[in-house]
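Structure at a glance
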Amino acid sequence: MFPEYDVIVVGAGHAGCEAAVAAANMGSKVMLATMNMQTIAQMSCNPAMGGVAKGQIVREIDALGGYSGIITDETRVQFRMLNRSKGPAMWSPRAQSDRHQFAALWRKKLEEHPNIDFWQEMIIGLKVVDGVVKGVHTSIGLEIPGKTVILTNGTFLNGLIHIGEKQFGGGRAGERAATGLTAQLVEFGFEAGRMKTGTPPRVDGRTVDWSKMEVQHGDTDVEGRFSFTASKVPEKQIPCHITYTNDKVHEMLKTGFDRSPMFNGTIQSLGPRYCPSIEDKINRFADKDRHQLFVEPEGWNTCELYVNGFSSSLPEDIQYKALRLIPGFEEAKMFRPGYAIEYDFFQPTQLKPSLETKLVKNLFFAGQINGTTGYEEAGGQGLVAGINAHLKIVEEDPFIIKRSEGYIGVLIDDLVNKGTKEPYRMFTSRAEYRILLRQDNADIRLTPLAHKLGMRGMEDRMAKVHEKLESERAITRFFENTSIEPAVLNEKLEAIGDSPIKQKVKLLSVLLRPKLNMGVLAEVDPEVNAFLSKYDKPTLEYTEVGMKYAGYIKKEQELVDKMIRLESVALRENEDYDALVSLSAEAREKLKQVRPLSIGQASRISGISPSDISVLLVHKGR
């Protein structure tokens, strides 16, 4: 009934969609298997993409040819660049999406791809022959043959939903859990665990009082976007709103603690540390008399609201009573209560950096099955898994993004080397080279890599990269060679509280002042204005950051170069660490467990000391 597919992707969430597109754009014939064709690319939790560090990941996905950025741009209801008051390494794009349009556009793009087929059914097992995956088994007894398989099961593996003392199986509200795969993988020797996440109640926007909340508008620059392509963006935006809990809300929530699965022992697994439920917040932060809530629209043509910050698994009557004590929600009606969900995951230390499993060849894991949380982290893993599944078939070296090349590289490196005991979320603080990994240069860093791989559609993107680099050089030369007179600049310097210049100076020297930027110089100098008007805002911003922070960027690049030298010293997968008697016992244990592919990777494994690295270098003749 089925041909042999190059790549079978199980699950059509954010990881599965990016995996399917990546493999298909590399030239593989892909089967995307999902339990429900109507929920492809469903935004299970908040209707938004991006945020701190997550926005950088979405831009990296786009730079590598993924679709998340383009689809977010075209279906957004609001766009903001976060952390503008901080340094450019912290600037992070975030967009509210129209939940329904987002999923519909993803499905449209997937269906338009000639290399992608679909099958709607639960996948209950893998066909494995001599340690190599050969396909999947469906719930009605069909076999789909495939050369590689990517599991992106999200929260569906033995998913269990909790609302107060009620429990029922499910991978998402209104959808059944997936069964069978976990048991088989455990039989193969995989280490499984349980994790928890949650979601807040959804509210009828017609029943809230907006006048009692703070308005949060999007950026006035409507041209802000995720994609480096000329993606279409809606001209209008919908505001979000901010409100706060209070003592009365907290007291009402506490009346349900005895029926809370979080506190009565029903839920044993760990949830995301940085996105706790509201009951967890008021328990852990008892000194806080209020907590901020973001009231986010679900789309253009719906009154449904997402109450960000009010995730809960308390009984529905307690959720409802507490909700109506929040300013603006006094008359609110709920569409459905919040809930917690427990699901199976597999320790990612059981994966290679390519996201292929160590125990079963040609089998890849991506997304929440690896212990991560967030659409963005899932999409980044899916893209890498899709690329590497294709490369495995054509017998080429795996595609590994270094920590110095992208947040996606940091994410995967952390997972495969350190594992995780709680849902892993990306932050800028996790990246030691974050000055290099800015949101404005993801195309410069990664598009050439995708082009070299042969990813479809990279020719036009590479032309844009070359144009951006040429523009950067031209703008930098202009600022290095063009001078500005005191009479032109000093009045402005006095107005902003900066010291005046006493003689004609180069533009670059004054641009380096903290209070000055290209916009100020263009405002006072017609020559500067005329020159800069030839370039678009993203190119000007990218170039200005490069000039202002050149010293820091150079210093960080030198650190990267040192680390790359360690990355170049390869280790064999079958390295005999027991023979290296000078290694510590812990190092031998960890090295045999992770099986690093380089000295650089070994240096990032928890428990490996500098002396252990020295032993490995001597062993390799360095």
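Look a little higher up for the structure.
No experiment lies behind these values; they were computed from the predicted model shown.

Definitions and cut-offs
- Residues numbered from 1 in each chain as written.
- Predicted model: local features only at pLDDT ≥ 70, side-chain atom pairs only at ≥ 80, totals over all residues.
- Heavy atoms only, no water.
- Helix = DSSP H or I, 4+ residues; strand = E, 2+ residues; numbered from the N terminus.
- Rg over C-alpha atoms; globule rule 2.2 N^0.38 Å.
- Buried < 20%, exposed > 50% of the residue type's maximum accessible area, 1.4 Å probe, protein only.
- Core = buried A, V, L, I, M, F, W, Y, C linked by side-chain atoms within 4.5 Å.
- Contact = heavy atoms within 4.5 Å.
- Pairing = 2+ DSSP bridges.
- Axes fitted to C-alpha atoms, helices over the stretch in contact; angles between N-to-C directions.
- Phe/Tyr/Trp six-rings, centres within 6.5 Å; stacked < 30°, edge-to-face > 60°.
- Lys NZ or Arg CZ within 6 Å of the ring centre and 35° of its normal.
- Disulfide = S-S within 2.5 Å.
- Polar contact = N/O pair within 3.5 Å; in protein donor to acceptor, adjacent residues only side chain to side chain.

Each helix and strand counted, the protein has 21 helices and 22 strands in total. By the compact-globule yardstick of 25 Å for 622 residues, the protein fits well, its C-alpha radius of gyration being 26 Å. In terms of overall dimensions, the protein has C-alpha extents of about 80 × 70 × 50 Å along its principal axes. When each of the 622 residues of the protein is scored for burial, the buried share is 58%.

The next subject is the nonpolar core. As a rule of thumb, nonpolar side chains are buried together in soluble globular proteins. The biggest cluster of nonpolar side chains holds 92 residues, and the ones touching the most others in it are Leu 151 and Leu 363. Apart from the residues within four sequence positions on either side, Leu 363 is in contact with Leu 126, Val 133, Val 149, Leu 151, Leu 185, Phe 190, Leu 355, Glu 356 and Thr 357. Among the nonpolar cores identified, the runner-up in size contains 23 residues, and Ile 475, Phe 479, Leu 507 and Leu 540 belong to it.

To continue, consider the sheet that holds strand β4 (residues 76-82). A sheet is described by the order of its strands in space; here three strands give the open sequence β3-β5-β4, paired in antiparallel fashion. Strands with a single pairing partner mark the edges of an open sheet, and in this sheet they are β3 (48-50) and β4. With direction set aside, neighbouring strand axes in the sheet form an average angle of 15°. The pairing of β3 with strand β5 (residues 92-97) spans three bridges and is antiparallel. Counterpart to Gly 50 in the pairing with β5 is Arg 94. Running over the sheet, helix α3 (residues 68-75) touches β3, β4 and β5 and is turned about 115° from β4.

The next thing to look at is the pairing of strand β7 (residues 123-129). Inspection of the sheet shows β7 paired to strand β8 (residues 132-138) by six bridges, in the antiparallel sense. Bridge assignment links Val 129 to a residue of β8, and that residue is Val 132. Where β7 hands over to β8, the hairpin turn is made up of two residues, of which Asp 130 adopts a positive phi near 55°.

We now examine the pairing of strand β11 (residues 166-169). Here four bridges tie strand β10 (residues 160-163) to β11, and the two strands are oriented antiparallel to one another. Looking at the pairing, Ile 163 lines up with Lys 166 of β11. Counting the residues in the hairpin turn of β10 and β11 gives two residues, including Gly 164, whose phi is positive at 60°.

Tracing the sequence through the fold places Arg 59 in helix α2 (residues 54-63). Of the residues examined, Arg 59 reaches a relative accessible area of 9% and is grouped as buried. Considered as a pair, Arg 59 and Pro 261 are 202 residues apart in the sequence and their alpha carbons are 38 Å apart. Not counting residues within four places of it along the chain, the set of residues in contact with Arg 59 comprises Pro 93, Arg 225, Phe 226, Ser 227, Phe 228, Gln 439, Asp 440 and Ala 442.

Attention shifts here to the packing of aromatic side chains. The full count for this structure, using the stated rule, is eleven aromatic pairs. A centroid spacing of 6.3 Å and a plane angle of 50° characterise the contact between Tyr 549 and Tyr 552, whose relative ring orientation is tilted. When its relative accessible area of 30% is taken as the criterion, Tyr 549 is described as partly exposed. Under the relative-accessibility criterion, Tyr 552 is labelled exposed at 55%. A cation sits over an aromatic face here: Arg 84 above Trp 91, 4.5 Å from the ring centre.

On to the state of the cysteines, then. Disulfides are covalent bonds that link the sulfur atoms of two cysteine residues. According to the stated counting rule, one finds zero disulfides in the structure shown. Just so you know, Cys 240 is unpaired, no disulfide at all, and the nearest cysteine sulfur is the one on Cys 45, 15 Å from it. Unpaired in terms of disulfides, Cys 303 finds its nearest cysteine sulfur in Cys 240, a separation of 16 Å. Owing to a relative accessible area of 25%, Cys 303 belongs among the partly exposed residues under this scheme.

The four strands are arranged β11-β10-β19-β12 in an open sheet whose pairing can be described as antiparallel. At either end of the open sheet lies a strand with only one pairing partner, and these are β11 and β12 (192-199). Geometrically, the sheet is characterised by an average inter-axis angle of 25° between neighbouring strands, direction not taken into account. The pairing of β12 with strand β19 (residues 339-346) spans eight bridges and is classified as antiparallel. Looking at the pairing, Ala 192 lines up with Phe 346 of β19.

Attention shifts here to the environment of Cys 240. Structurally, Cys 240 is set in strand β15 (residues 240-244). Between the alpha carbons of Cys 240 and Leu 617 there is a distance of 54 Å; along the sequence they are 377 residues apart. For Cys 240, the contacting residues outside a window of four places in its chain are Gln 78, Gln 96, Glu 214, Val 215, Gln 216, Val 295, Glu 296 and Pro 297.

Take the side chain of Asn 362 next. Examined against the element boundaries, Asn 362 turns out to sit in the loop between β19 and β20 (363-365). For Asn 362, a relative accessible area of 16% gives the class buried. For Asn 362, the side chain forms a polar contact with the main-chain oxygen of Lys 147, separated by 3.0 Å. In this view, Asn 362 contacts Val 132, Val 133, Lys 147, Thr 148, Val 149, Glu 356 and Lys 392; residues no more than four positions away in its chain are not counted.

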